[in-house]
Amino acid sequence: MMLFFYTSPRNTSNTFTFEDTLRPYTKTLMCRETEGVATKHLVIPESLQVPQPRLPQKSRGDVLTVTPWLAPIVWEGTFNPLLIENIYKPKNISIAVTVFAVGKYIRFLKDFLETAEKYFFVGYKVHVYVYTDQPNDVPKVKMGPNRQVTVRLVPNAKRWQEITSRRLNLIEMLIEEKLRGNTDYIFCLDVDCKFHGPWGPESLGELFGAIHPGYYQDDRKDFPYERRPISRAYLAPGVGDFYYGAAVFGGSLDEVVRLAQVCSQNFDADTRDGIEAAWQEESHLNKYFWVNKPTKVLSPEYLWQDFKPINPEIHVMRFSGIIKNYKEIRPNWDE
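Residues numbered from 1 in each chain as written. Predicted model: local features only at pLDDT ≥ 70, side-chain atom pairs only at ≥ 80, totals over all residues. Heavy atoms only, no water.

(A) Seen up close, the side chain of H212. As for its placement among the helices and strands, H212 is situated in the loop between β8 (207–211) and β9 (244–252). With relative accessibility at 13%, the residue H212 sits in the buried group. Not counting the four nearest positions on each side in its chain, H212 is found in contact with Y243, Y244, G245, E282, L303 and Q305. (Helix = DSSP H or I, 4+ residues; strand = E, 2+ residues; numbered from the N terminus. Buried < 20%, exposed > 50% of the residue type's maximum accessible area, 1.4 Å probe, protein only. Contact = heavy atoms within 4.5 Å.)

(B) Main features of the pattern of salt bridges. This structure, assessed with the given rule, holds 17 salt bridges. The shortest N-O distance in the salt bridge between R60 and D62 comes to 2.8 Å. The partner of E76 in a salt bridge is R318, with the nearest N and O atoms 2.6 Å apart. In this pair, E76 is assigned in the loop between β2 (73–74) and α1 (81–88) and R318 in the loop between β11 (304–305) and β12 (319–321), connecting sequence segments 242 residues apart. With relative accessibility at 27%, the residue E76 sits in the partly exposed group. For R318, a relative accessible area of 2% puts it in the buried group. One continuous salt-bridge network, built from bridges that share partners, spans E76, E301 and R318. (Salt bridge = Lys/Arg side-chain N within 4 Å of Asp/Glu carboxyl O.)

(C) Geometry of unusual backbone geometry. With a phi angle near 70°, L70 is a residue other than glycine that sits in the positive phi range. Here L70 lies in the loop between β1 (4–8) and β2. Unlike most non-glycine residues, N92 shows phi in positive territory, near 55°. Structurally, N92 can be placed in the loop between α1 and β3 (94–101).

And the structure:
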């Protein structure tokens, strides 16, 4: 696959700079040791005054806040924003974001970037990598200090499933070729969403996923897992924790590389056998999270849907999929 890169500096320019990257790229299944991960050493200013945590007091009595494997589930009211900010801001962490704006999905990119500037890790170093087949149509959104956009050119596809299937390979390539040594965490997000509320370091973890808003109140027997044993994404009846949406996942570089490698290998093996999982990448992601437990789980606050009324337990809607006509924007939607 031929890839080119265009970097949009902080002071936006009309000059496009392309970099040919046809050099061989070799996958390695052994991940490097992570150094200095920001979630491992939590330090605050000695004089910081915050309310005392009290054991009899429940932060949220209306929702599950800890998984059975002791990973926190992040809801508004389960963390102190001032405390979290004072822990992570001095670490000078760097965040990478991947977003795919291919075909007609380019129309959603402006709102994504503009709302990210308003709500997503404000005041932190953020580098957004936009994958698109239409670099000339990427909007010139004014970025704040230490925030930038890089555009990566990719081909379009005749089937929308092909676009989702190659996403993990491209994310792995990005980490190994560009992010090692200069980035702490990576967020893999969908472009057809907008930010509506603050999203910051409370979401950081070695490996995290977001609970899908369409199924968080359902029994797992009703989750749309891949139910055919012939697929590597298969989850048997009676297993599963949550149904995770593929619109939001991420973590440390090592953990996301491991996820991308395993899911890509399983996806490719299914393809060789003539199998396509029920929800493609999302099905393989849910299989991965069943076996490899996330260290942090983001509540549906971090992945809502605009067409849904906001339920009482959603105190802050932070990120939400916009209303759209899938048949109009996705090629071969009826397949």
